[in-house]
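# Examination of the molecular architecture
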Amino acid sequence: NYNGLKRMDFIGLENYIELFKDPEFYKILLNTAKFVLVYVPLGYVAALGMAMILVSDTMKGSTILRILIYWPTLLSTIMVGLTWKWIFGENFGLINYLLESAGLPRIGWSSNAVAAFLTTVIAGVWAGCGTNMLIFIGALKQIPEELKDAAKIDGANAWEIFKAITIPHLRPVTFMVVMLSAITGFKEFAMVQTLTNGGPGTATTYMIQYIYTTGFTKLRVGYASAASMVLFVILLVLSFLQSKAMDSGDGQ
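Being a predicted model, the structure only gives us computed values, none of them experimental.

This next bit is on unusual backbone geometry. The phi angle of most residues is negative, glycine excepted, and most peptide bonds adopt the trans form. A cis amide bond, omega 0 degrees, links Gly 199 with the succeeding residue Pro 200. Relative to the assigned elements, Pro 200 resides in the loop between α9 (190-195) and α10 (207-217). One non-glycine residue, Asn 197, lies in the positive phi region at around 55 degrees. Within the secondary structure, Asn 197 is located in the loop between α9 and α10. For Leu 219, which is not glycine, the phi dihedral falls at a positive 60 degrees. Counting through the fold element by element, Leu 219 comes out in the loop between α10 and α11 (221-250). Assessed through its relative accessible area of 39%, Leu 219 is described here as partly exposed.

With the rule as written, the count across this model stands at one cavity of 30 Å³ or more. If you add up the space inside the largest cavity, you get close to 50 Å³. Taken together, Tyr 39, Val 40, Gly 43, Tyr 44, Val 125, Gly 128, Cys 129, Asn 132 and Ser 181 make up the lining of the largest cavity. Elements represented by at least two residues in the lining of the largest cavity include exactly α2 (23-54) and α6 (113-140). In terms of residue class, the lining of the largest cavity is made up of five nonpolar, four polar and no charged.

Before going further, it helps to examine the pattern of salt bridges. Two side chains that carry opposite charge are able to pair once their charged atoms sit near each other. Tallying each qualifying case throughout the model produces four salt bridges. We note a salt bridge from Lys 6 to Asp 9, for which the minimum N-O separation is 3.1 Å. A salt bridge links Asp 9 to Arg 7, with the nearest nitrogen and oxygen atoms 3.5 Å apart. Judged by relative accessible area, Arg 7 falls into the exposed class, the value being 67%.

Turning next to the side chain of Glu 188. Relative to the assigned elements, Glu 188 resides in the loop between α8 (158-187) and α9. Lys 187 provides the closest opposite charge to the buried, salt-bridge-free Glu 188, at an N-O distance of 9.6 Å. Among all residues touching Glu 188, those that are not within four sequence positions of it are Phe 35, Thr 77, Ile 208 and Gln 209.

Checked against the element boundaries, Ser 228 lands in helix α11. Residues Ser 228 and Tyr 210, 18 residues apart in the sequence, show an inter-C-alpha distance of 9.5 Å.

In this structure, the largest pocket encloses a volume near 340 Å³. If you go around the largest pocket, you meet 18 residues; those closest to its centre are Tyr 39, Ala 127, Gly 128, Thr 131 and Thr 184. Where the lining of the largest pocket is concerned, the elements lending two or more residues are α3 (62-74), α4 (77-88), α6 and α8. A total of six residues in the lining of the largest pocket trace back to one element, the largest contributor, which is α6. Of the residues contributing to the lining of the largest pocket, the split by class is eight nonpolar, eight polar and two charged. Of the pockets and cavities examined, the second largest pocket occupies roughly 240 Å³. Within the residue set of the lining of the second largest pocket, elements represented by two or more residues are α7 (145-153) and α8. A total of four residues in the lining of the second largest pocket trace back to one element, the largest contributor, which is α8. Grouping the constituent residues of the lining of the second largest pocket by class yields six nonpolar, one polar and three charged.

Conventions we followed
- Residues numbered from 1 in each chain as written.
- Predicted model: local features only at pLDDT ≥ 70, side-chain atom pairs only at ≥ 80, totals over all residues.
- Heavy atoms only, no water.
- Helix = DSSP H or I, 4+ residues; strand = E, 2+ residues; numbered from the N terminus.
- Buried < 20%, exposed > 50% of the residue type's maximum accessible area, 1.4 Å probe, protein only.
- 1 Å grid on protein atoms, 1.4 Å probe; cavity = no way out; pocket = protein on both sides within 12 Å on 5 of 7 lines; lining within 4 Å.
- Points joined across faces, edges and corners; volume = space filled by probe spheres on them.
- Nonpolar A, V, L, I, M, F, W, Y, C, P; charged D, E, K, R; others polar.
- Salt bridge = Lys/Arg side-chain N within 4 Å of Asp/Glu carboxyl O.
- Lys, Arg positive; Asp, Glu negative; His and termini not counted.
- Contact = heavy atoms within 4.5 Å.

This is how it looks when you write it as structure tokens:
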């Protein structure tokens, strides 16, 4: 039991017992899981799609496009949040301005729970796409062209080549990207804090925001530490799976 100022009182497992009985904690954990379950697949598809388009060095403008797609990765997560807050602003945002100019109703990006959730997912995918794209480009270049040429001779089309050759060869890298993205999703904080501040209500409050608010706003440091340990176990399991996947990839 500690508020950051007075002497700590040892209370055993009481913080954990209270945490696992707290409906708000489970709601926040569910919010975080939903964010990860949407953010990871969308980020995977976006990164792989960009990589497939830009894998050829002979494509005109591919280098510039790679730089532009990777550029958001170099920005701080606070800048990412501010950028998308300007785009999705409810009263001053670019999208609502365009909708209003076209005679369409504004969207309550900050007052509608679903809209707010989507803004955090889109911003997260945009910020993380560049790194995963470069990983996929490196992996795609390792696939022997002879396999694709042989498949074409056998009459395989582009989709069949993608399913039978590209996806199997990308499996170790795919698992690594998915695990890294999941870990990033569970740790998301500054971008969401800047973009939605966890609102409306707690609709976009994820684990790190919950820990931060509990520890530094409500001054329940011990309780926030217990929640941090739960998050630590989740990230530990994900890191273990990633490590095993990389070991199996090295062994192939």
